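Structural features, examined
Now for the letters of each chain:
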Amino acid sequence: MRLTRFTDYSLRVLIYLGLQDDQRITIQEISKAYNISRNHLMKVVSNLTRHGYVAAQRGPGGGLTLARPANEINLAAVVRDMEEDLDMVECFSPQGQCVITPACQLRKVLQQALQAYMQILQAHTLQDLLKPAPALEKILGIRHKAT
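Just so it is clear, the model here is predicted, and its values are computed rather than measured.

On to the overall build of the chain. Summing up its helical and strand segments, the chain has seven helices and two strands in all. Secondary structure elements in the chain, listed N-terminal to C-terminal, are α-α-α-β-β-α-α-α-α. Taken over the C-alpha atoms alone, the chain extends approximately 65 × 30 × 25 Å along its principal axes. Counting every position in the chain, which comprises 147 residues, the buried fraction comes to 35%. Partitioning the contacts of the chain with sequence separation of at least 6, the portion at a separation of at least 24 is 65%. Accessible surface, the chain as shown: approximately 9300 Å² in total, 52% of it carbon and sulfur. Charged side chains of the chain number 17 positive and 13 negative; the gap between the two group centres comes to 5 Å.

What follows is the structure, given as structure tokens:
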């Protein structure tokens, strides 16, 4: 299974914000750290905000923060919320038209694989992705602002 770029970017945004100790961060900062289009990140952040993972404040002094603690953001939930669907093959979809679907065992095997994949994600939170924080902060060029 391959996650969409949208989900990949969503997880990266959450990681970046999770490393920030509740400091407000701009989309521009995240865009620069990951070398990702600011316009694309705006769509990602909008979706993360709509699903309650990110809190966004507009205006002077505004920016982005996690909407809840990193240990309360489950990775399986994020993937489910960000992916349009988890259909690995055509027969997963009600509109699928594969001719061997009635007798094929591939669907059953792939459903088991997807279930195992999601079980692993279910066992982890964003907090698990924030280690080792110093190494991630160095790679991303994060310098904590004085409060």
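Another aspect to go through is the packing of helix H2 (residues 27–34) against helix H3 (residues 38–50). Where H2 contacts H3, the two axes come as close as 9 Å, and the packing angle between them is 120 degrees. On the basis of the axis angle, H2 is oblique to H3. Every pair of crossing elements has a handedness; the one defined by H2 and H3 is right-handed. Here Ile27, Gln28, Ile30 and Ser31 of H2 come into contact with H3, specifically with Arg38, Leu41, Met42 and Val45. Among the residues forming the contact of H2 with H3, the class breakdown is five nonpolar, two polar and one charged.

Before going further, it helps to spend a moment on the environment of Leu130. With respect to the helices and strands, Leu130 occurs in the loop between helix H6 (126–129) and helix H7 (133–140). On the basis of relative accessibility, which here comes to 7%, the residue Leu130 falls in the buried class. Placed eleven residues apart in sequence, Leu130 and Gln119 show a C-alpha to C-alpha distance of 20 Å. Each residue touching Leu130, except ones within four places of it in the same chain, is listed here: Ile15, Gly18, Leu19, Ala70 and Leu136.

Right, let's talk about unusual backbone geometry for a bit. Note the cis peptide between Lys131 and Pro132, where omega equals -5 degrees. Among the structural elements, Pro132 can be located in the loop between H6 and H7. In this structure, Asp21 is a non-glycine residue whose phi angle is positive, near 50 degrees. Here the phi dihedral of Asn35 falls at roughly 60 degrees; this positive angle occurs in a residue that is not glycine. Within the secondary structure, Asn35 is located in the loop between H2 and H3.

Pairing geometry for strand E1 (residues 54–57) and strand E2 (residues 63–66), over four bridges, is antiparallel. Each residue of the ladder has a partner; that of Val54, found in E2, is Leu66. Following E1, the chain reverses through five residues before pairing antiparallel with E2; Gly59 in that reversal takes a positive phi of roughly 90 degrees.

Calculation rules
Residues numbered from 1 in each chain as written. Predicted model: local features only at pLDDT ≥ 70, side-chain atom pairs only at ≥ 80, totals over all residues. Heavy atoms only, no water. Helix = DSSP H or I, 4+ residues; strand = E, 2+ residues; numbered from the N terminus. Buried < 20%, exposed > 50% of the residue type's maximum accessible area, 1.4 Å probe, protein only. Contact = heavy atoms within 4.5 Å. Areas by Shrake-Rupley, 256 points an atom, 1.4 Å probe, with all protein chains shown as cover. Lys, Arg positive; Asp, Glu negative; His and termini not counted. Charge placed at Lys NZ, Arg CZ, Asp CG, Glu CD. Axes fitted to C-alpha atoms, helices over the stretch in contact; angles between N-to-C directions. Parallel < 35°, antiparallel > 145°, perpendicular 65-115°, else oblique. Left-handed = near helix turned anticlockwise from the far one by under 90°. Nonpolar A, V, L, I, M, F, W, Y, C, P; charged D, E, K, R; others polar. Pairing = 2+ DSSP bridges.

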